[in-house]
Each structure stands twice: as structure tokens, then as C-alpha cells.
Protein chains: 2
Amino acid sequence: MARISAGLDKDGALVNLGVAIRARRKALHLSQEALSDAAEIDRSHMGKIERGERNVTFLNIVKIASALGCKASELLVDSNL
Amino acid sequence: MARISAGLDKDGALVNLGVAIRARRKALHLSQEALSDAAEIDRSHMGKIERGERNVTFLNIVKIASALGCKASELLVDSNL
DNA sequence: ATGTGACTTGTAGTCCGTA
DNA sequence: GTACGGACTACAAGTCACA
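Just so it is clear, the structure is predicted and the values come from calculations on it, not from any experiment. (Residues numbered from 1 in each chain as written. Chains lettered and ligands numbered in written order. Predicted model: local features only at pLDDT ≥ 70, side-chain atom pairs only at ≥ 80, totals over all residues. Heavy atoms only, no water.)

Student: In this structure, what is going on with the protein's contact with DNA strand D? I would like to understand it.
Tutor: Inspection of the region around DNA strand D gives 20 residues, with R25 and Q32 of chain A together with S44, H45 and T57 of chain B positioned closest. Each atom of DNA strand D within 4 Å of the protein was assigned to sugar, phosphate or base; sugar and phosphate come to 65%. A distance of 2.9 Å separates a base nitrogen of DNA strand D from a polar atom in the side chain of S44 of chain B. At a separation of 2.8 Å, a phosphate oxygen of DNA strand D approaches a polar backbone atom of T57 of chain B. When residues of the surface near DNA strand D are traced back to their parent elements, those giving at least two are α1 (13-27), α2 (32-39) and α3 (43-50) of chain A together with α3 (43-50) of chain B. Among the residues forming the surface near DNA strand D, the class breakdown is two nonpolar, nine polar and nine charged. (Near = heavy atom within 4 Å. Polar contact = N/O pair within 3.5 Å; in protein donor to acceptor, adjacent residues only side chain to side chain. Helix = DSSP H or I, 4+ residues; strand = E, 2+ residues; numbered from the N terminus. Nonpolar A, V, L, I, M, F, W, Y, C, P; charged D, E, K, R; others polar.)

Student: Any chance you could explain the interface of chain A and chain B here in plain terms?
Tutor: Contact residues are listed per partner, giving 19 residues for chain A and 19 residues for chain B. Taken together, the two surfaces of chain A and chain B that pack against each other cover about 1,700 Å², and 75% of this comes from carbon and sulfur. Between chain A and chain B we count zero salt bridges in total. Here chain A is connected to chain B by 10 residue pairs in polar contact (both at pLDDT 80 or more). Every element with two or more residues in the side of chain A that touches chain B is listed here: α1, α4 (58-67) and α5 (72-78) of chain A. Here the side of chain A that touches chain B is composed, by residue class, of 13 nonpolar, four polar and two charged. (Contact = heavy atoms within 4.5 Å. Buried area = accessible area lost by both parts, 1.4 Å probe. Salt bridge = Lys/Arg side-chain N within 4 Å of Asp/Glu carboxyl O.)

Student: Would you take a moment to explain the environment of G12 of chain A for this structure?
Tutor: Residues and elements named next belong to chain A. Position of G12 among the secondary structure elements: in the segment before α1. For G12, a relative accessible area of 17% corresponds to the buried category. Once the C-alpha coordinates of G12 and G52 are considered, the two residues, 40 residues apart in sequence, prove to be 8.0 Å apart. (Buried < 20%, exposed > 50% of the residue type's maximum accessible area, 1.4 Å probe, protein only.)

Student: Would you mind showing me how to read the relation of the copies chain A and chain B here?
Tutor: Turning one copy of the chain about an axis and sliding it along that axis gives the other copy, so a rotation and a shift relate them. Take chain A, turn it by 180°, move it 0.1 Å along the axis, and it overlays chain B with an RMSD of 0.1 Å. In symmetry terms, the pair is related by a two-fold rotation axis. Among all residues of chain A, the minimum C-alpha distance to the rotation axis is found for T57 of chain A, at 2.1 Å. (Least-squares fit on C-alpha atoms with pLDDT ≥ 70 in both.)

Take it as geometry only, folks, not as evidence of what the structure does.
Okay, structure coming up:
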């Protein structure tokens, strides 16, 4: 059971963000482990983020984007937000 | 004293985000109160976000962007992120 | 109208496992 | 290499009083 209720994440914003992160990660042929290591975020947490089960903080979005070699805004554009 | 250390917010990302939010809010001639009301976020909390003193979460960024009538990605583009 | 400090509650984020 | 769980700790969310 995810910790984010469908009610809170009305437009699936977190899921879309997670999908965008995963897509960029795969494009770079990185493992979750490699990415979470580069972003200095726990691998378990990163997995939940990709699945849209966690409401990431802004600073971590920036860190992840940076680890993916792109801007945070690009991730959101991918997510249609 | 701000709750976010300069060390954590290396590039002033939170400050830039706050500035972008405030700029858009002013452009719409809204008070913090009106905006925080529209975004369903407490005025006090919103004020701290605008000053870059809080590491806001993704879902709240989306809520604020929505209350500002723009996309979350646009806010980040304004912030150069 | 906004800034700020003090506070409680919820959850982001860590660390350990198992499959 | 990834999903998922339990048990923590750190900190964002949310509220209020007062400047």
C-alpha cells in the first residue's frame, strides 16, 4: 500500500514525475542504485519515488535532476506539469 | 533565522523558487493571504516558502502553481532550475 | 498585509531486512 | 537489480500568537 492516497495525488502528479525520472534514468543506462548514489538519496526511497509512492521535497527533485544531468524544470515538462 | 541552512540550499534553489512564486503572485495582484487560501496552504507557511526558508514538497509546488494559474514547470523555469 | 518564533503532527527519508 | 516491508529519525506540514 502506497503512502500517498489517490485523493492527495489527484492528477497522478507524483506518478508522472516518477515515470519521467525512470525514463531519464533508463535512457542513461543507470541502475536505481547508481542514480540514488549520485543523488545522495537512499535507494529504497528512490524506488518509491519512481513508483509515485512518496511526495519528494523540492531540494531532492533538484538533486535527482542534477544526477540525471538535466534541469528540474525538464523533468516536470516530461511529466506534463 | 531561516530553517534551511545555506549548506543545504547550495544554489539558492529554494530562494529562487520563492522569488518566482512571489513575482507571479504580484503580477496577479494577489496577497499572500489570497494565494495561500487558493492553494489551501497556511499563510504563514506560504510566507516562509516565498522567502526560501522552507524546503517545500512537490505536491505543494503543484498546488501553488495551480493557484497561480500556471504549470509547476513554468515556476521552475522562472527560477532557472 | 507580512514576518517570525514556538509548537505538534504527519510524513519524508534512512537503514535494515526479505523475496 | 528491483519491489516491498518494518522500525526507526529528521524534518516538512500545518497551526497560532504576536510583532
